[in-house]
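# Understanding the architecture of this molecule
These are the residues of each chain, in order.
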Amino acid sequence: MPLFAIVCRDKPDALETRLATRPEHLEYLAQSKVLKLAGALLGDDGNPVGSILIVEADDISAAQAQADNDPYTKADIFESVTINPWRLAVGSL
């Protein structure tokens, strides 16, 4: 199955909502059948300003569903979400 990178950028001033939603977000990720890697993008102050997720899905629509159903998306913290096919070049999953 192909891999996809989901890159999410938070809206300004979304940190409080992000932190309040984090437990639900982590539970959602833990239950995902397509997630391979996930982590926060950090600002200069060390606080989260976005997310990167790598998913292995049948197609981009399935990757989009992973992003659309994320509690962070439902809490409206993202300013932008982009999904691109992704290929691992170095390292392992």
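Residues numbered from 1 in each chain as written. Predicted model: local features only at pLDDT ≥ 70, side-chain atom pairs only at ≥ 80, totals over all residues. Heavy atoms only, no water.

## Points about the packing of aromatic side chains
Aromatic ring pairs are defined here through the distance separating the ring centres and the angle between the ring planes. As a reminder of what qualifies: Aromatic pairs are defined between Phe, Tyr and Trp rings, using the six-membered ring for Trp, whenever the two ring centres lie within 6.5 Å; interplanar angles under 30 degrees are classed as stacked, those over 60 as edge-to-face, and all others as tilted. The buried label applies to any residue whose accessible area, calculated with a 1.4 Å probe on protein chains only, is under 20% of its type's maximum; exposed applies above 50%, and partly exposed to all values in between.
Under the definition given, this model contains 1 aromatic pair. Judged by centre distance (6.1 Å) and plane angle (80°), the rings of Tyr 72 and Phe 78 are edge-to-face. The same class applies to Tyr 72 as to Phe 78, namely buried.

## Focus: the nonpolar core
Under the convention used in this document: We call a set of buried residues a nonpolar core when its members are Ala, Val, Leu, Ile, Met, Phe, Trp, Tyr or Cys and they connect through side-chain atoms within 4.5 Å of each other. Strands here mean DSSP runs of E at least two residues long; helices mean DSSP runs of H or I at least four residues long; both are numbered from the N terminus. Contacts between residues were defined by any pair of non-hydrogen atoms, one from each residue, lying within 4.5 Å.
Within the largest apolar cluster, 14 residues are counted, with the highest numbers of intra-cluster contacts made by Phe 4, Ile 6 and Ile 83. Mapped onto this core, the elements with two or more residues apiece are β1 (3–10), β3 (48–56), α2 (60–68) and β4 (78–86). Considering each element in turn, this core owes the most residues, 3 residues, to β1. In this structure, Phe 4 is in contact with Leu 53, Ile 54, Val 55, Ala 57, Asp 59, Ile 60, Ala 63, Ile 83, Asn 84, Pro 85 and Trp 86, ignoring residues within four places of it in sequence.

## Considerations on unusual backbone geometry
Here the phi dihedral of Asp 13 falls at roughly 65°; this positive angle occurs in a residue that is not glycine. If you check the backbone angles, Asp 76 has positive phi at about 60° while not being a glycine. In this structure, Asp 76 sits in the loop between α3 (71–74) and β4. Assessed through its relative accessible area of 48%, Asp 76 is described here as partly exposed.

## Let's talk about the pattern of salt bridges
Stated formally: For this document, the term salt bridge refers to a Lys or Arg side-chain nitrogen within 4 Å of an Asp or Glu carboxyl oxygen.
Per the stated rule, a full pass over the model turns up 3 salt bridges. Lys 11 is the salt-bridge partner of Asp 76, the closest N and O atoms lying 2.7 Å from each other. With Asp 76 in the loop between α3 and β4 and Lys 11 in the loop between β1 and α1 (15–31), this residue pair connects regions lying 65 residues apart in the sequence. With relative accessibility at 30%, the residue Lys 11 sits in the partly exposed group. Lys 36 serves as the salt-bridge partner of Glu 56, at 3.3 Å between the closest nitrogen and oxygen.

## Some remarks on the pairing of strand β2 (residues 35–42)
Inclusion rule: Any two strands are treated as partners once DSSP identifies two or more bridges connecting them.
Bridge count for β2 against β3 is 7 bridges, and the pairing is antiparallel. Residue pairing across strands places Ala 40 opposite Ser 51, the latter belonging to β3. Between β2 and β3, which pair antiparallel and follow one another directly, the connecting turn spans 5 residues, one of which, Gly 46, has a positive phi of 90°.

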